[in-house]
Amino acid sequence: KSLGNGFVLDDRFLIVDNLYVQNFSIQKIFTTDVFHFHPQGTGIFSKYYRPFQILSYSFEYLTWKLNPLGYRIDNIILQSLNSFFIFFIIYLIFKNQILALLSGLIFCIHPAHVCLVTFIAGRSNLLEMFFILFSILSFLRYLTGLGRRYYYLSLLLCIGAFLTREGALLLPFYLFICALFMKIDKKKIPILLTPYLLIALLYFGLRNIFMPCDKFAVSSFFHPAEITAFLLNTQEYFWQLVLPLGLKVKLFHINPIVRYIFIICSFLIFVCLFIKALKKKNKIIIFGLTMYFIGLLPIVNLDETIKYFGPLLTEHYVYNASIGFSFLLAYFILRLYSVYRRIAKLALTVICIYFSVLTIAASLHYKDEITFYNYIVSIDKNNVIAHLNLGNAYYVKGMYAQAMEQAGLTLEKEPNSWDCYLLIGNIYMTKGDLVRAIEMYNKTLILNPRSYEAYNNLGLINWQQGKIEAAALNFKRAVDLSPGVAGPLYNLAYMLKIHEAKLKK
């Protein structure tokens, strides 16, 4: 149902406005971070090195240009392939076709993945998981005795994963767990994993030197507050995989006590399952729980990010962990089938229908930016980012009253939101109230002196007022802050050309 949707959220930012994609600049793609082309002052300070993600967009742009249909088809293909890889990996480890099939099926249709498959910007997660799972599969094929070429292929795919996204650092952990449950000589595992660990260490070192990222804060793994937040988030994401997102958010926000009751219950279930599995040496449950928690390791130092962006905009963090969840759910359905066949068949049917309906329904909310952000604020009324972006979406559509309303709601929750003052300034300027527009742009620059858009728009107002020198100064400031953006430079050149023509007359 998402194939007819437009560009939403970062889709426009990474594709429509990304000149590296449209000009197929291989050098820039592989030597800069994913946000390099973006002007200074936007609040993006972490450097994310994801060349394969941007390269995939570049190849698609050759065929599809700015038609989002093709990009989404490729996302659906990647999700389907990842589901198949999960099926194959679980079959190779546990030699159970039905367990493998159900695991892959549940993973494939789970509604928590709509955000990644429907967002074209979700490509980084999908492509990263493609390389990770393909690398694991090749590694397991090698362990089954199919030749050393599969081992070399796995290493090559490991490099591909690192060139796609930072989460590839989890690959050695996944390989270790999968190899541990294979019927092989366990003494070989450390030797076989050494090249992967060396690649991971090399990547980690080079990233911290050339493209540091706040996600690499190793100290967070040993900080008590971060560990506590991680455990709480693992349980919140569990319920996000079980309940419809809107219901889960409402339940957890009714009362903090309700939230903690849910979290404590799920935590006790996890602990009891793990202890019982250890006692009975149930490898399947141990494997599933381990895969779930390893998949959530990247959120160790992201508690503040999760709180700020809200459950829907951070739903993609559960993608890796959902492999363990899908596997455990499939296992419990089979356990039920061994005792109550009819009930198990009914349960499987209900689960598949339940997930499918939620998936189709969720994909409808991603139709366009106004629909999407209205969906977020209907679930999470305190989401500042959603209110601000909804205001910008209304502004683009010329719905200024609605845009101003969303700006007001944003400032109620975040009084120092510089980009909200920028939005209000844009509304006033468009409506011709230049005095108020100038006031808003000056507030923007007080809060964020590197906002090139505020300087550019002040230049436009100065030009309109006939203040050529002031306009030129503001345009130059905007150009200095955003040398990769054509708008301010064009405005400056065009204004000087018009002014020169007037002087000649």
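Preceding this section is the structure that the text describes.
Residue numbering note: each chain is counted from 1, following its sequence as written. Whole-chain, interface and lining totals are the exception, using all residues; otherwise, since this is a predicted model, local features are given only for residues with pLDDT of at least 70 and side-chain atom pairs are given and counted only at 80 or more. The basis for every side-chain value is the complete set of heavy atoms in the structure, and neither hydrogens nor water enter the calculation.

A. Spotlight on the overall build of the chain. Each helix is a run of DSSP H or I of at least 4 residues and each strand a run of E of at least 2, with the numbering of both proceeding from the N terminus. Within the chain, the secondary structure is distributed over 26 helices and zero strands. Within these notes, the globule rule equals 2.2 Å times the number of residues to the 0.38 power, and the radius of gyration is based on C-alpha atoms. A globule of 505 residues ought to have a C-alpha radius of gyration of about 23 Å, and the chain, at 25 Å, matches this closely. Type-normalised accessible area, obtained with a 1.4 Å probe on protein chains alone, sets the label of each residue: buried when under 20%, exposed when over 50%, and partly exposed for intermediate values. Looking at the chain as a whole, 51% of its 505 residues qualify as buried. Here a residue-residue contact requires only that any non-hydrogen atoms of the pair lie within 4.5 Å. If you take every contact in the chain between residues at least 6 apart in sequence, the share linking residues at least 24 apart comes to 68%. For the chain, the accessible area works out to roughly 24200 Å², and carbon and sulfur atoms hold 65% of it. Note on areas: Shrake-Rupley, 1.4 Å probe, and residue coverage restricted to the protein chains presented here.

B. Structural view of the nonpolar core. Put simply, buried Ala, Val, Leu, Ile, Met, Phe, Trp, Tyr and Cys residues joined by side-chain atoms within 4.5 Å make one nonpolar core. F139 and L140 are the most contacted members of the largest nonpolar core, which has 137 residues in total. If one sorts the elements of this core by residue count, helix α8 (residues 123–143) sits on top with 13 residues. When sequence neighbours within four positions are dropped, the list of residues in contact with L140 reads I89, L92, I93, C178 and M182. Y20, F35, Y61 and A121 belong to the second largest nonpolar core, which has 19 residues in total.

C. Summary view of the state of the cysteines. Here, the term disulfide refers to a pair of cysteine sulfur atoms separated by no more than 2.5 Å. In this structure the tally under the stated criterion is zero disulfides. Free cysteine: C352, not disulfide-bonded; nearest cysteine sulfur from C108 at 11 Å. Exposure remark for C352: the relative accessible area of 17% places this residue in the buried category.

D. Inspection of helix α24 (residues 452–464) at higher detail. Relative to the 18 Å expected for 13 residues at 1.5 Å per residue, α24 spans 18 Å between its end C-alpha atoms, a close match to the ideal helical length. Considered for burial, the residues of α24 that qualify are Y452, A454, Y455, N456, N457, L458, G459, I461 and N462. Looking one or two residues beyond α24, the residue adopting positive phi is G466, at roughly 85 degrees. By this rule the span expected of a helix is its residue count minus one, scaled by 1.5 Å.

E. View of a positive patch on the surface. Residues with no salt bridge and a relative accessible area higher than 30% make up the patches, which join like charges within 9 Å and nonpolar side chains (Val, Leu, Ile, Met, Phe, Trp, Tyr) within 5 Å. A carboxyl oxygen of Asp or Glu within 4 Å of a side-chain nitrogen of Lys or Arg is what we treat as a salt bridge. Positive: Lys, Arg. Negative: Asp, Glu. His and the chain ends are not part of the count. By convention, the point assigned to a charge is CZ for Arg, NZ for Lys, CD for Glu and CG for Asp. Where like charges cluster on the molecular surface, the positive patch consists of K95, K183, K186 and K283. Mapped onto the secondary structure, K183 falls in the loop between α10 (171–180) and α11 (188–210).

F. Structural detail: the pattern of salt bridges. One pass over the structure, following the stated rule, counts nine salt bridges. For the salt bridge of E128 with R165, the shortest nitrogen-to-oxygen distance reads 3.7 Å. Here R165 lies in the loop between α9 (149–162) and α10 and E128 lies in helix α8, a separation of 37 residues in the sequence. There is no split in this pair, since E128 and R165 are both buried. Residues joined in a network through salt bridges with shared partners are R50, E166 and R207.

G. Broad picture of helix α25 (residues 468–481). Spanning 14 residues, α25 covers 20 Å between terminal C-alpha atoms, matching the ideal 20 Å at 1.5 Å per step. Of all the positions in α25, only I468, A471, A472, N474, F475, A478, V479 and L481 are classed as buried. Of the surrounding elements, those touching the buried residues of α25 are α24 and α26 (486–504).

H. Highlighting the packing of α24 against α26. The axes used here are C-alpha line fits, helices contributing only the stretch in contact, and every angle between their N-to-C directions lies in the interval 0 to 180 degrees. Here α24 crosses α26 at 20 degrees, and the two axes come no closer than 10 Å. By the angle between their axes, α24 is roughly parallel relative to α26. As for the relative orientation of α24 and α26, their crossing is left-handed in sense. In this structure, α24 uses Y452, N456, L460 and W463 to contact α26, whose residues at the interface are G487, P488, N491, Y494, M495 and I498. Residue type decides the class: Asp, Glu, Lys and Arg count as charged, Ala, Val, Leu, Ile, Met, Phe, Trp, Tyr, Cys and Pro as nonpolar, and the leftover types, Gly among them, as polar. Among the residues making up the contact of α24 with α26, the classes are represented as seven nonpolar, three polar and no charged. Throughout, the term roughly parallel applies to angles under 35 degrees, roughly antiparallel to angles over 145, roughly perpendicular to angles from 65 to 115, and oblique to all others. Here a crossing is taken to be left-handed if its near helix is turned anticlockwise relative to the far helix by less than a right angle, and right-handed if that turn runs clockwise.

I. Examining the environment of T430 more closely. Structurally, the position occupied by T430 is in helix α22 (residues 418–431). Expressed as a C-alpha distance, the spacing of T430 and Y395, which sit 35 residues apart in the sequence, is 9.5 Å. Excluding its chain neighbours within four sequence positions, the residues that come into contact with T430 are Y395 and Y400. Nitrogen and oxygen atoms within 3.5 Å of one another constitute a polar contact, given that in protein one can donate a hydrogen and the other can accept it, and given that sequence-neighbouring residues count only through two side-chain atoms. At a separation of 2.8 Å, a polar atom in the side chain of T430 contacts the side chain of Y395.

J. Expanded view of unusual backbone geometry. Of note, F24 is a non-glycine position whose phi angle comes to about 50 degrees, a positive value. Along the chain, F24 falls in the loop between α2 (19–22) and α3 (26–31). Despite not being glycine, K281 has its phi angle at roughly 55 degrees, a positive value. The class for K281 is exposed, based on a relative accessible area of 70%.

K. Highlighting the side chain of T32. Assignment of secondary structure puts T32 in the loop between α3 and α4 (51–64). A distance of 2.4 Å separates the side chain of T32 from the backbone oxygen of K28, its partner in a polar contact. Beyond its immediate sequence surroundings of up to four residues, T32 is in contact with Y20, Y49 and M211.

Bear in mind that shape data such as this cannot, by itself, settle questions of function.
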